[in-house]
Amino acid sequence: MSTGLHARLEVEHPGFRLDVDLQLPGHGVSALFGASGCGKTTCLRAIAGLEPQARGRVSLNGEHWQESARGLFLPPHRRALGYVFQEASLFTHLSVRGNLEYGLRRSGARSAEALMRIAALLGIEALLDRRPATLSGGERQRVAIARALLARPRLLLFDEPLAALDLARKSEILPYLERLHDELKIPSLYVSHSPDEIARLADHLVLLDRGRVVASGPLQQTLARLDLPAHLLGDAGVVIDATVSAHDARDHLVCLEFAGGTLCAPERAASVGHSLRCRIDARDVSLTLERQRGTSILNLVAAVIVDATETTHPAQLLVRLDANGTPLLARITRRSWQALALAPGKAVWAQIKAVALV
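Below is a short write-up of the structure. (Residues numbered from 1 in each chain as written. Predicted model: local features only at pLDDT ≥ 70, side-chain atom pairs only at ≥ 80, totals over all residues. Heavy atoms only, no water.)

**Quick notes on the overall build of the chain**
In plain terms, the rule: Numbering of helices and strands starts at the N terminus; helices are DSSP runs of H or I of at least 4 residues and strands are runs of E of at least 2. To get the radius of gyration, use the C-alpha atoms; to get the globule rule, take the number of residues to the power 0.38 and multiply by 2.2 Å. Whether two residues are in contact is decided by their heavy atoms, any of which lying within 4.5 Å being enough. Using the Shrake-Rupley algorithm and a 1.4 Å probe, accessible areas are obtained, with residue cover drawn only from the displayed protein chains. For the charge count, each Lys or Arg is scored as positive and each Asp or Glu as negative, with His and the chain ends excluded. Charge positions are represented by NZ for Lys, CZ for Arg, CG for Asp and CD for Glu.
The number of helices and strands found in the chain is nine helices and 20 strands. Here the chain has a C-alpha radius of gyration of 23 Å; the compact-globule value for 358 residues is 21 Å, and the two agree. Taken along the three principal axes of its C-alpha coordinates, the chain extends 65 × 50 × 35 Å. In the chain, the proportion of contacts linking residues at least 24 apart, taken out of those at least 6 apart, comes to 64%. Counting every atom, the chain has about 17100 Å² of accessible surface; 50% of that belongs to carbon and sulfur. Within the chain, one finds 42 positive and 37 negative side-chain charges whose respective centroids are separated by 4 Å.

**Things to note about the environment of glycine 62**
Heads up, the condition is: Per-residue accessibility, obtained with a 1.4 Å probe over protein chains only, is compared with the maximum for each type, and a residue is labelled buried under 20%, exposed over 50%, and partly exposed between these values.
Within the secondary structure layout, glycine 62 lies in the loop between β4 (55–60) and β5 (63–67). The partly exposed category is assigned to glycine 62, whose relative accessible area is 32%. Put simply, glycine 62 and histidine 6 are 56 residues apart on the chain and 8.8 Å apart in space, counted from C-alpha to C-alpha.

**Describing helix α5 (residues 167–183)**
Note the following rule: The span you would expect from a helix comes to 1.5 Å times its residue count less one. Given a residue, its bend is the angle between the two axes fitted to the seven residues that end at it and to the seven that start from it.
Across its 17 residues, α5 extends 25 Å between first and last C-alpha, which sits within 8% of the 24 Å expected from 1.5 Å per residue. Maximum bend of α5: about 25 degrees, positioned at isoleucine 173, with proline proline 175 one to four residues after it. Within α5, the full set of buried residues consists of Glu172, Ile173, Leu174, Tyr176, Leu177 and Leu180. Buried-residue contacts for α5 involve α3 (112–121), α4 (137–150), β8 (155–159), β9 (188–192) and α6 (195–201).

**Overview of the sheet that holds strand β18 (residues 316–323)**
Our working rule: Two strands pair if DSSP finds at least two bridges between them. In this analysis, axes come from line fits to C-alpha atoms, helices being fitted only over the stretch in contact, and the angle between any two N-to-C directions falls in the range 0 to 180 degrees.
Strand order in this open sheet of five strands is β16-β20-β17-β18-β19, and the pairing throughout is antiparallel. Pairing within the sheet leaves two strands with one partner each, and these edge strands are β16 (285–288) and β19 (326–333). The average undirected angle you get between the axes of adjacent strands in this sheet is 45 degrees. Alignment of β18 against β19, held across eight bridges, turns out to be antiparallel. For aspartate 322, the partnering residue across the bridge sits in β19 and is proline 327.

**Thoughts on the pattern of salt bridges**
Applied cut-off: Throughout this description, the term salt bridge denotes a Lys or Arg side-chain nitrogen within 4 Å of a carboxyl oxygen of Asp or Glu.
Scanning all chains against the criterion turns up 22 salt bridges. The partner of glutamate 172 in a salt bridge is arginine 142, and the shortest N-O contact between them spans 2.8 Å. In this pair, glutamate 172 is assigned in helix α5 and arginine 142 in helix α4, connecting sequence segments 30 residues apart. Arginine 142 carries the same exposure label as glutamate 172, and that label is buried. Residues aspartate 227 and arginine 225 are paired through a salt bridge, measuring 2.8 Å at the closest nitrogen-oxygen approach. Overall, the relative accessible area of 54% leaves aspartate 227 in the exposed class. Because the salt bridges share partners, they merge into one network encompassing Arg8, Glu10, Glu12, Arg17, Asp19 and Arg212.

**A closer look at the nonpolar core**
Just so we agree on the cut-off: Buried Ala, Val, Leu, Ile, Met, Phe, Trp, Tyr and Cys residues form a nonpolar core when they are joined through side-chain atoms within 4.5 Å.
The biggest cluster of nonpolar side chains holds 37 residues, and the ones touching the most others in it are Leu256, Leu263, Ile280, Leu287, Val301, Leu321 and Leu328. Considering each element in turn, this core owes the most residues, five residues, to β18. Excluding its chain neighbours within four sequence positions, the residues that come into contact with leucine 328 are Val238, Ile280, Val301, Val319, Arg320, Leu321, Ala323 and Ala350. With 35 residues, the next largest nonpolar core counts Val96, Ile118, Ala144 and Tyr176 among its residues.

**Observations concerning unusual backbone geometry**
In this structure, serine 89 is a non-glycine residue whose phi angle is positive, near 55 degrees. Inspection of the secondary structure assignment puts serine 89 in the loop between β7 (81–84) and α2 (96–106). Accessibility expressed as a relative area gives 47% for serine 89, which makes it partly exposed.

**Focus: the sheet that holds β8**
The strand order β7-β8-β9-β3-β10-β11 describes an open sheet built from six strands, whose pairing is mixed. Edge positions in the open sheet fall to β7 and β11 (212–218), since each of these has one partner strand only. Averaged over all pairs of adjacent strands, the angle between strand axes in this sheet comes to 15 degrees, irrespective of strand direction. As defined by bridge partners, strand β3 (residues 29–33) adjoins strand β10 (residues 204–209) across four bridges and the pair is classed as parallel.

**Remarks on the pairing of strand β1 (residues 5–13)**
One ladder, built from six bridges, connects β1 with β4; its direction is antiparallel. Following the sheet pairing, leucine 5 is matched in β4 by leucine 60. Relative to strand β2 (residues 16–24), β1 is paired through nine bridges, and the arrangement is antiparallel. Bridge pairing links leucine 5 to leucine 24 in β2. In sequence, β1 turns back onto β2 through a hairpin of two residues, with glycine 15 there showing a positive phi of about 80 degrees.

Shown next as structure tokens:
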């Protein structure tokens, strides 16, 4: 049986055409990323069956939801998916509990135990008897996610679920989305134009531009590509998976181990052995031929230059590095490249400021 989500779709709108061919993993979070108007939401709606004019094929783990060539089109309610919109769209006449029970009924179940388990996962147990109008934006969105989960979907679709929230509410809800990522096995398709959200949540990245897929692959490898147009990713950088190895209570730092070595970063509330993601922007990485001493930069990582490419500024280069199998990017000047006689295959030290790590 074919696993994962396969979607070959074409959608015509006045002045816009979506033409995508996606083959996404059957686990983890796949992110659709791109500028406003590139087709992210249209693609998500077509997969959900909310774009009746969409032509093509959609299947999940071998189950066909749409095959236009033979007249197959399952309506949204017959596709085993949960959809979380930008706005929570809760039933205002029902309590939080009533909204969640609606999700249960969609799945054909009436399990109070399942309701309480999902409520606990999203931290909304204390809200069950309240009405949506009394909730904050972050609370409403958590209820909407819980309702979608209680329908027992085999695919979760998130259409910029944090876009309508202010920074405080985004910070409130992101840890719950990370918890879903860690604890649930339901594959998710997550639409966003926020690099921070993608860095924290995604496992697989799909870059869209003007209705077409320009890149698709594992998050870390895709972010480190040098052949992608600079405007698609904004500030170049990579995401690494690391493990907390120690805490420095005196200096309020956390030590992170990854394949390329050890990094110090500002303190995070994570226990030793816990996995953390770390975003490293290319502009925060400098290169040196020798291990430096007497410097304020705490993080020195041994690496080998893989390649370099021009950037949108003629004075700069974007350099890809290999740190024992972990890709890194550094943005440096042409003058530095020439002065240090840098070239692919040359061993260097990547210097990364601890205060710059996110």
